[in-house]
Amino acid sequence: IAKGQFDSDALLARCRFMKSDTNFGQAAANLFESVSEEAGVFLLHEAASWGEVSSMASLGDLYSGYLSRMHGRDPSPYEDHEKSRYWKEVSAEKGHVVSMYNVAYNLINENDTLTPEQYQRASTLLFSVLRSPNLGRTVWQRSARELSTLWLFSNLPEDQTRCVDVVLPELWDDEDDDNRDYAAGYYAYAFRNGAGVAQNSYLAKVWIDRALEITPDSQYNHDRANEIYQRSGMLGGVRAKMGFNRD
């Protein structure tokens, strides 16, 4: 294509209104990577101004520095925390599942203690991601794990129950042993502490044993098993066995 061969403004105006499955965010990212960073950034802003959600999400990646680092480039010309946050928020509000996960993740990990409003927003975003159609595996796994942690350790009985009844079964039924181990460890915690279920030391033992079957070298699981079997202190094992028999 020769320079000036096409009227770019006219073509962009047509793109704005035509019905298409084109992912302009990806197209712009390809431009950024292989042709011209300037052209890629221009297309991202143009498409975002039309309301094209993938471009809004990619602008969040651009200004976080992720887009540059992904291609081994210096991110400093574009890094802008406020702009990144803005575009991730906007694309999340419009239903972009990766942005929804990122906004929830940032809320959880940038605050030592969540306010009730922050907790509710993170919870709503993550659960919405899990219920989104055609969800990519990586986003599903990260969202399921993040949500299960948020709910199980929330000290809110209703959300603890939702964790045990809704999220952990998805992880336990997965083909990936890492997810099954994750779920088994959380089930053990839930039954040991009565989080979302009736406290039951026997079922806590069953689940930590399952976790150890999956990952026998896991120090975390061994530490949890020592707690459940009460292996420290005199007569701890006897008391644990009595509890198992009782439950």
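Look a little higher up for the structure.
Note that residues are indexed from 1 along each chain, following the sequence as it is written. For a predicted model such as this one, the threshold for reporting local features is a pLDDT of at least 70, and the threshold for listing and counting side-chain atom pairs is 80 or more; totals across whole chains, interfaces and linings nevertheless cover every residue. Excluded from the side-chain calculations are hydrogens and water; all other atoms, namely the structure's heavy atoms, are used.

Colleague: Summarise helix α11 (residues 177-193); cite the residues concerned and give the values.
Modeller: Helix and strand assignments come from DSSP, with helices taken as H or I runs of at least 4 residues and strands as E runs of at least 2, each series counted from the N terminus. Helices are assigned an expected span. That span is 1.5 Å times one less than the residue count. For α11, with 17 residues, the first-to-last C-alpha span of 24 Å sits near the 24 Å given by 1.5 Å per residue. The complete set of buried residues in α11 reads Asn179, Asp181, Ala183, Ala184, Gly185, Tyr186, Tyr187, Ala188, Ala190 and Phe191. In what follows, a contact means two residues having at least one pair of non-hydrogen atoms within 4.5 Å. For α11, the secondary structure elements touched by its buried residues are α9 (137-152), α10 (157-172), α12 (201-214) and α13 (219-228). Polar contact is defined as a pair of N or O atoms within 3.5 Å, subject to the rule that within protein one atom must be able to donate a hydrogen and the other to accept it, and that residues adjacent in sequence are counted only when both atoms are side-chain atoms. One side-chain oxygen at the N-terminal end of α11 lies 2.8 Å from the backbone nitrogen of Asp178; it belongs to Asp176. Burial classification: accessible surface area is computed with a 1.4 Å probe over protein chains only, and a residue below 20% of its type maximum counts as buried, one above 50% as exposed, and the rest as partly exposed.

Colleague: Before we move on, could you go through the environment of Val166 and cite the residues and values that matter?
Modeller: Examined against the element boundaries, Val166 turns out to sit in helix α10. The residues contacting Val166, other than those within four sequence positions of it, are Phe127 and Arg131.

Colleague: An account of the packing of α9 against α11 is needed here, citing residue identities and associated values.
Modeller: Note on method: axes are straight lines fitted to C-alpha atoms, helices fitted across the in-contact stretch only, with angles between N-to-C directions ranging 0 to 180 degrees. The contact between α9 and α11 brings their axes to 12 Å, and the two run at 10°. In this view, α9 runs roughly parallel relative to α11, as classed from their interaxial angle. The segment α9 lies against α11, with Arg137, Trp140, Gln141, Arg145, Ser148, Thr149 and Leu152 engaging Asp178, Asn179, Tyr182, Tyr186, Tyr189 and Ala190. A per-class count over the contact of α9 with α11 returns 6 nonpolar, 4 polar and 3 charged. Here the angle decides the label: under 35 degrees means roughly parallel, over 145 means roughly antiparallel, 65 to 115 means roughly perpendicular, and every other value means oblique. In this classification, Asp, Glu, Lys and Arg are treated as charged, Ala, Val, Leu, Ile, Met, Phe, Trp, Tyr, Cys and Pro as nonpolar, and every other residue, Gly included, as polar.

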